[in-house]
Amino acid sequence: MDVGLFDFDLPEDRIALRPASPRDAARLLVVRPDAPEPLEDRGIRDLVALLEPGDALVLNDTRVIPSRLRGRRYRGEDSARVEIMLHKRESEDRWLAFARPAKKLAVGERVVFDSDAASNACELGRLHAEVIAKGEGGEVELQFSLTGAYLDEAIERLGELPLPPYIAGKRPTDSADTADYQTNFARKDGAVAAPTAGLHFTPELLAALEARGVSRHFVTLHVGAGTFLPVKAEDTDHHRMHAEWGTVSAETAAALNAVKAKGGRIVCVGTTSLRLIESAAAEDGTIQPFSGDTAIFITPGYRFRAVDMLMTNFHLPRSTLFMLVSAFCGLDMMKRAYAHAIAANYRFYSYGDGSLLFRAG
């Protein structure tokens, strides 16, 4: 499909720079494509009334790590500053990352991360990495001097929280973001971007949903920085998705299949949860245990196998995520919904308001 079909104009002042407080005070646009009146303005707390006993929430329990690292590239006696954004772990000591500026790095060169000193000799005991491969779009593969938990500890100590560029470009990251940019149920380290629909949930909201008879189930998809990359191709067939690692346990798969068998609905919180569940679903809609990489790219025409409803935030123009919601509800319906959201002053992107989408058809 022509990527231009997924474009729209978004005023800069609609981009949220801070989340609602408390988290569940944000607004919620309900989109029912098959209803006579498909758009309804509600609030996040109305989720309790909008879901039915027997429905199942699927939440992503990944935790954002401080994945932006600043260091120096050494080439003989010369050095240059370089910024690294980790996006996918390949092994205990290797990460794929985006480098800026990538042209300053060559395969075989070393990057030192925890000092601004210009002396190569004094850096030998510091955390460093060797560039072992270069890809397209500034992507590099790094092999670190530490491994496993020791590397995790060093990244936690040296890294910075990777706020999305549309926020980080307007204000500095601060201490409030340390809590604001994690879900209340984050527990498995590995994401470099938050599963932002989950940011709306408070313990009180989760308790109210449980009392309503809505079960909750956790999956893990470590969100990569590729989620922020623009689609540069003119046709969706030519866009390459970056793979992300995820897992659906056998226990969770069985529980969700039981929900479907009893007539309940699978309600994914966030596009990350949806992409993982659809990756794990068989042709007949049954959800299988899953562990591994997924690079599923969902565009209009995709046949959804398992997911009935999607709670998600508002996404960027021409993004793979806007393509996904357009596949879920129909492109014309989502353009209408986004036009309504812009006119009604909904707040967009990671810290913005939410939407609850019913699958078309």
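All of these numbers come straight from a predicted model, not from anything done at the bench. (Residues numbered from 1 in each chain as written. Predicted model: local features only at pLDDT ≥ 70, side-chain atom pairs only at ≥ 80, totals over all residues. Heavy atoms only, no water.)

1. Examining the overall build of the chain
Next, step 1: A count of helical and extended segments in the chain gives nine helices and 17 strands.
Next, step 2: Scaling as 2.2 N^0.38, a compact globule of 361 residues should have a C-alpha radius of gyration of about 21 Å, and the chain matches this with 21 Å.
Next, step 3: Expressed as lengths along the three principal axes of its C-alpha atoms, the size of the chain is roughly 70 × 45 × 40 Å.
Next, step 4: For the chain, the accessible surface area stands at approximately 15300 Å², while carbon and sulfur atoms represent 50% of it.
Next, step 5: Charge centroids of the chain, computed over 43 positive and 50 negative side chains, lie 2 Å from each other. (Helix = DSSP H or I, 4+ residues; strand = E, 2+ residues; numbered from the N terminus. Rg over C-alpha atoms; globule rule 2.2 N^0.38 Å. Areas by Shrake-Rupley, 256 points an atom, 1.4 Å probe, with all protein chains shown as cover. Lys, Arg positive; Asp, Glu negative; His and termini not counted. Charge placed at Lys NZ, Arg CZ, Asp CG, Glu CD.)

2. Things to note about the packing of aromatic side chains
Next, step 1: Counted under the stated rule, the structure contains 15 aromatic pairs.
Next, step 2: Among the aromatic residues, those joined into a ring-pair cluster are Phe-6, Phe-8, Tyr-166, Phe-314, Phe-322, Tyr-338, Tyr-346, Phe-348 and Tyr-349. (Phe/Tyr/Trp six-rings, centres within 6.5 Å; stacked < 30°, edge-to-face > 60°.)

3. Notes on unusual backbone geometry
Next, step 1: Each neighbour pair has its own omega, and for Ser-21 with Pro-22 the value is -5°, a cis peptide bond.
Next, step 2: Note that Pro-22 resides in the segment before strand S1 (27–31).
Next, step 3: The omega angle of the peptide bond from Arg-100 to Pro-101 is -5°, so this bond is cis rather than trans.
Next, step 4: Within the chain, Tyr-349 stands out as a residue other than glycine whose phi angle is a positive 75°.
Next, step 5: Structurally, Tyr-349 is set in the loop between helix H9 (331–343) and strand S17 (354–358).
Next, step 6: Exposure remark for Tyr-349: the relative accessible area of 6% places this residue in the buried category. (Buried < 20%, exposed > 50% of the residue type's maximum accessible area, 1.4 Å probe, protein only.)

4. Considerations on the sheet that holds strand S12 (residues 215–221)
Next, step 1: With respect to topology, nine strands assemble into an open sheet ordered S2-S1-S17-S16-S14-S3-S12-S13-S15, the strand pairing being mixed. At either margin of the open sheet sits one strand with a lone partner, and together these are strand S2 (39–43) and strand S15 (290–294). Put simply, the sheet's adjacent strands are angled 25° from each other on average, direction ignored.
Next, step 2: The pairing of S12 with strand S13 (residues 244–248) spans two bridges and is classified as antiparallel. Note that in S13 the partner of Thr-220 across the bridge is Thr-247. (Pairing = 2+ DSSP bridges. Axes fitted to C-alpha atoms, helices over the stretch in contact; angles between N-to-C directions.)

5. Some remarks on the pattern of salt bridges
A side chain with one charge may pair with a side chain of the opposite charge, provided their charged atoms come close.
Next, step 1: Tallied over the full model, the rule gives 32 salt bridges.
Next, step 2: Its salt-bridge partner being Arg-45, residue Asp-24 comes within 3.1 Å of it at the nearest N-O pair. One end of the pair, Asp-24, is in the segment before S1; the other, Arg-45, is in the loop between S2 and helix H1 (47–50), with 21 residues separating them in the sequence.
Next, step 3: Judged by relative accessible area, Asp-24 falls into the buried class, the value being 8%.
Next, step 4: For Arg-45, a relative accessible area of 48% corresponds to the partly exposed category. (Salt bridge = Lys/Arg side-chain N within 4 Å of Asp/Glu carboxyl O.)

6. Details of the confidence of the model for the chain
Next, step 1: Residues at a pLDDT of 70 or more form 96% of the chain, whose mean pLDDT is 93.
Next, step 2: Long-range and interchain partners of residues 116–125, a stretch whose pLDDT sits below 50, account for 17 contacts in this model, where long-range means more than four residues apart. (pLDDT = per-residue confidence, 0-100. Contact = heavy atoms within 4.5 Å.)

7. Points about helix H8 (residues 320–329)
Next, step 1: Extensive coverage of H8 is indicated by the burial of ten of its ten residues.
Next, step 2: Those residues of H8 lying buried are Thr-320, Leu-321, Phe-322, Met-323, Leu-324, Val-325, Ser-326, Ala-327, Phe-328 and Cys-329.
Next, step 3: Backbone geometry just downstream of H8 places Gly-330 in the positive-phi region, at approximately 100°.

8. A look at the environment of Ile-167
Next, step 1: Here Ile-167 lies in helix H3 (residues 165–168).
Next, step 2: Distance in space between the C-alpha atoms of Ile-167 and Ile-15 is 8.1 Å, their sequence separation being 152 residues.

9. Overview of the environment of Met-311
Next, step 1: Structurally, the position occupied by Met-311 is in strand S16 (residues 309–313).
Next, step 2: In this structure the C-alpha to C-alpha distance between Met-311 and Pro-195, which are 116 residues apart in sequence, comes to 11 Å.
Next, step 3: In contact with Met-311, not counting residues within four places along its chain, are Ile-44, Leu-47, Ala-197, His-200, Phe-201, Cys-268, Val-269, Gly-270, Ser-355 and Leu-356.

10. Some remarks on the sheet that holds strand S5 (residues 68–75)
Next, step 1: Strands sit in the order S5-S6-S7-S10-S9-S8 around a closed barrel of six strands; the barrel is antiparallel. The mean inter-strand angle of the sheet, taken between neighbouring strand axes irrespective of direction, is 45°.
Next, step 2: Note: strand S9 (residues 128–134) against strand S10 (residues 139–144), five bridges, orientation antiparallel. By the bridge assignment for S10, Glu-130 is matched with Gln-143.

11. Looking at the nonpolar core
Generally speaking, nonpolar side chains in soluble globular proteins are found buried as a group.
Next, step 1: Ranked by internal contacts, the top residues of the largest apolar core, which has 63 residues, are Val-248, Leu-274, Ile-277 and Phe-348.
Next, step 2: Of all hydrophobic cores here, the second largest spans 25 residues; its members include Met-85, Leu-86, Leu-151 and Ile-155. (Core = buried A, V, L, I, M, F, W, Y, C linked by side-chain atoms within 4.5 Å.)

12. Brief notes about the packing of H8 against H9
The description of two helices packed together rests on the angle between their axes and the distance between the axes.
Next, step 1: Direction vectors running N to C along H8 and H9 enclose 115°, while the axes themselves pass 7 Å from each other. For the pair H8 and H9, the sense of crossing is right-handed. Residue-level inspection shows Phe-322, Val-325, Ser-326 and Cys-329 of H8 in contact with H9, the latter providing Leu-331, Met-333, Met-334, Lys-335 and Tyr-338.
Next, step 2: Residues that form the contact of H8 with H9 fall into these classes: seven nonpolar, one polar and one charged. (Left-handed = near helix turned anticlockwise from the far one by under 90°. Nonpolar A, V, L, I, M, F, W, Y, C, P; charged D, E, K, R; others polar.)

13. Examining the pairing of S17
Next, step 1: Counted residue by residue, S17 has five buried out of five residues, so it is predominantly covered.
Next, step 2: Judged by which residues are buried, S17 turns out to be covered on both faces: Gly-354, Leu-356 and Phe-358 on one side and Ser-355 and Leu-357 on the other are all buried.
Next, step 3: Two elements, S1 and S17, share four bridges in a ladder whose sense is parallel. Bridge assignment links Val-31 to a residue of S17, and that residue is Leu-357.

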